[in-house]
Structures are given as structure tokens and as C-alpha cells.
Amino acid sequence: MAKQSGLLAANLVKLKNLQLTGKLVSEELMLGIHASKRSGIGVEFEQYRHYQPGDDPKRIDWKLFARTDKHLVRESSTESDRQLRFLLDLSGSMNYAENGVSRLQYAQVLLASLAYLGYIQNDQMSLYALKNGSVEAICAAGSSASSKQAFQKMLVGLEKTEASGEWRMEEGEEGKLIELRSKKKEQLILVSDLLQVNEEWMQLISSLANPQREIVIFQVLGDQEVDFRLNGFYRFKDLETGREMELDAASVREKFMTSAQAYFEKLKSDLQIPYVHLITARLSDPIGMVLKAFLTKRKS
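Description of the structure in this document. Keep in mind it's a predicted model, so treat the numbers as computed, not measured.

Rules of the game
- Residues numbered from 1 in each chain as written.
- Predicted model: local features only at pLDDT ≥ 70, side-chain atom pairs only at ≥ 80, totals over all residues.
- Heavy atoms only, no water.
- Helix = DSSP H or I, 4+ residues; strand = E, 2+ residues; numbered from the N terminus.
- Buried < 20%, exposed > 50% of the residue type's maximum accessible area, 1.4 Å probe, protein only.
- Contact = heavy atoms within 4.5 Å.
- Areas by Shrake-Rupley, 256 points an atom, 1.4 Å probe, with all protein chains shown as cover.
- Expected span 1.5 Å × (residues − 1).
- Bend = angle between axes of the 7 residues up to and from the residue.
- Salt bridge = Lys/Arg side-chain N within 4 Å of Asp/Glu carboxyl O.
- Core = buried A, V, L, I, M, F, W, Y, C linked by side-chain atoms within 4.5 Å.
- Pairing = 2+ DSSP bridges.
- Axes fitted to C-alpha atoms, helices over the stretch in contact; angles between N-to-C directions.

Remarks on the overall build of the protein
Along the backbone of the protein there are 10 helices and 12 strands. In the protein, which comprises 300 residues, the proportion classed as buried is 45%. Sequence separation of 24 or more characterises 74% of the internal contacts of the protein that already satisfy a separation of 6 or more. Counting only carbon and sulfur atoms, one obtains 50% of the accessible surface of the protein, whose full area is about 15800 Å².

Comments concerning the side chain of Glu98
On the secondary structure map, Glu98 appears in strand E4 (residues 97-98). Apart from the residues lying within four places of it in its own chain, the contact partners of Glu98 are Gly222, Asp223, Gln224, Glu225 and Leu283.

Quick notes on helix H9 (residues 249-270)
Taking 1.5 Å as the rise per residue, H9 with 22 residues should run 32 Å; its terminal C-alpha atoms sit 30 Å apart, in good agreement. The sharpest bend along H9 reaches about 30 degrees and sits at Lys255. Those residues of H9 that sit buried are Ala249, Ala260 and Leu267. Packing partners of the buried residues in H9 comprise helix H7 (200-208), strand E9 (213-221), helix H8 (223-227), strand E10 (233-237) and strand E11 (244-248).

Observations regarding the pattern of salt bridges
One pass over the full model with this rule turns up 10 salt bridges. Put simply, Arg213 and Glu186 hold a salt bridge, and the shortest N to O gap is 2.6 Å. One end of the pair, Arg213, is in strand E9; the other, Glu186, is in strand E8 (residues 186-192), and 27 residues separate them in sequence. Note on accessibility: Arg213 and Glu186 belong to one class, buried.

Quick word on the nonpolar core
With 49 residues, the main nonpolar core has Phe86, Leu88, Tyr106 and Phe218 as its most contacted residues. Sort the elements by how many residues they give to this core and helix H4 (residues 103-120) lands first, with 12 residues. Contacts of Leu88, omitting those with residues within four sequence positions, involve Met94, Leu104, Ala107, Leu111, Tyr128, Ala129, Leu130, Leu158, Thr161 and Val191.

Observations regarding the sheet that holds strand E3 (residues 83-89)
On the basis of which strands lie adjacent, the open sheet formed by 6 strands has the order E7-E6-E3-E8-E9-E12 and mixed pairing. Edge positions in the open sheet fall to strand E7 (134-139) and strand E12 (276-282), since each of these has one partner strand only. If you compare each strand with its neighbour and ignore which way they point, the axes differ by 20 degrees on average. As paired strands, E3 and strand E6 (residues 124-131) are joined by 7 bridges and run parallel to one another. Of the residues in E6, the one forming a bridge with Leu84 is Met125.

Following this line, the structure appears as C-alpha cells:
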């Protein structure tokens, strides 16, 4: 079971089962905030509530009772009109890894967890990837597909994703996302490192945000990408272009830290636009903790 600090991505990745990891993280999250009226990402955490006199004992989740020693009733779900669109960065920099966990693996578990929450809410879900300058539909939304079918298709799609190449939005590609509108409001959830050469991420995000589409961005970074506590000579490799350079880490630390801090501060400032929310996470952060912090922030 999860420790107080939360399930670590390093342990979840070892399970090699996105359905199980998504379920574990989501249940950890729900148990922590099941009493909340509203979550903040549109998922109502009223699926579980404490048993009350008059409730049918058959509605008690006895498996959950065995783990928590609490009599919790699972509320019957109704069809949701929520549209959840997941967008995954599959550029080469998503292969960056620390302590055995790559950014892509972290993103896969995070999205699987959010998809599980969408599944229990019967939300309409779809999954798209940004790769080699184009938008790829991994699991497109379908009106006839149930939330369970969409959830299963998303898991299969996530497991097959591979990151490579540079991220550069080709002309007209953002239209594939902009044109995917519906009469219902939607939430677009993007997972990326948001590392850019020019302003490609800002251009995409600003073109997608509107009153009908709320954008939630999970920026996933490694500890070394932020703190840069390396010593000695290292061969650094650009995971998108393949270019390599050997440097003494100590000699470039100050310049790196100054540039990185300036970039992250500018990015945070630039994303202070309507209908856009930025959540930063590190590969060492428990995924449940990242999601809970976001939900708590949005609820306050």
C-alpha cells in the first residue's frame, strides 16, 4: 500500500501495468479527498461517501473496507457530459530519465491515473500525441464508445507510445486540435517538459485556449534539470537532435542555473493567461501528490 509520502513513480513503473498503476494512484487520491465537493479538474469525488443509516449494506465497497477499515458507499454513476482530451508530448526529450524513470514513463502513469478518474465518472475521453511536428490521434473520441471502452483504448495507446525526434509544430497542424470542437465544454490536459527552442509551445497553447476549452498543463522535469547538482566531466546529449557535447559540469553550473531559472520564470509568466493552468512536477514527486496538490489548489 502507499506510504504517507505517496506512491513513487519508480515503484509504479516496475509494475509494467498502466491499468493497475492508474487505479492505484487514483484510489490513493480519492481516499485523500473523497469528502471534497469538487475536485477542480471536473471530476466529482462523490463516488465514495461514508455509510449512513438507511443505506443498503450491499452498496458498501467491502474490498475498500478491507484496506481502509471504513464503511464507504460507492455512489451510482451517471453519464457525464464532460469532454477530456489528453495531449502527450512525444518529442525526444521525453526520453530523459533519472533514477530509472523516464519523463515518458512518468507521463504515461500520470495520464493513466487521470484516465481512470475519467472512467469512473463516465467522461468522454480522447488521447492525442504531438510528434515530429504533427498531431496524431491515438484514441479519438467517439460518441458511441463507452467510458470503459475509451479507457481501455487509451491504456493500449499509452503503452505503445514512443518518444523521438524534435518538436516543431508544422504549419496548419494546430488546426487539427482547434477544429476538434464540440458543443460541450472540454478540458485539454497536456503533459510535456515544455522545453522549446523558440515559442512553439506558447504559440500552440495560446491558440487552443478559449472559454469552451480549459487547458491544464503538467510540466514534468528532472531534479537535475532544475537543480543541476552534477560534478565532473559529462557527455551531454540533446535527445531531440542527437548532438553531443562533453563539459565539466561545475564550470557550466552557474550559467546553466541562471538560464534555466530565467526560462522557467518567463514561461510561468507567459502562461498567466485565461483558461490555462500550469502544474510543475519532478520525476521524484509521487504522482498522487502532484494530482492532489493540483486538485486542492483548484478547489481553494
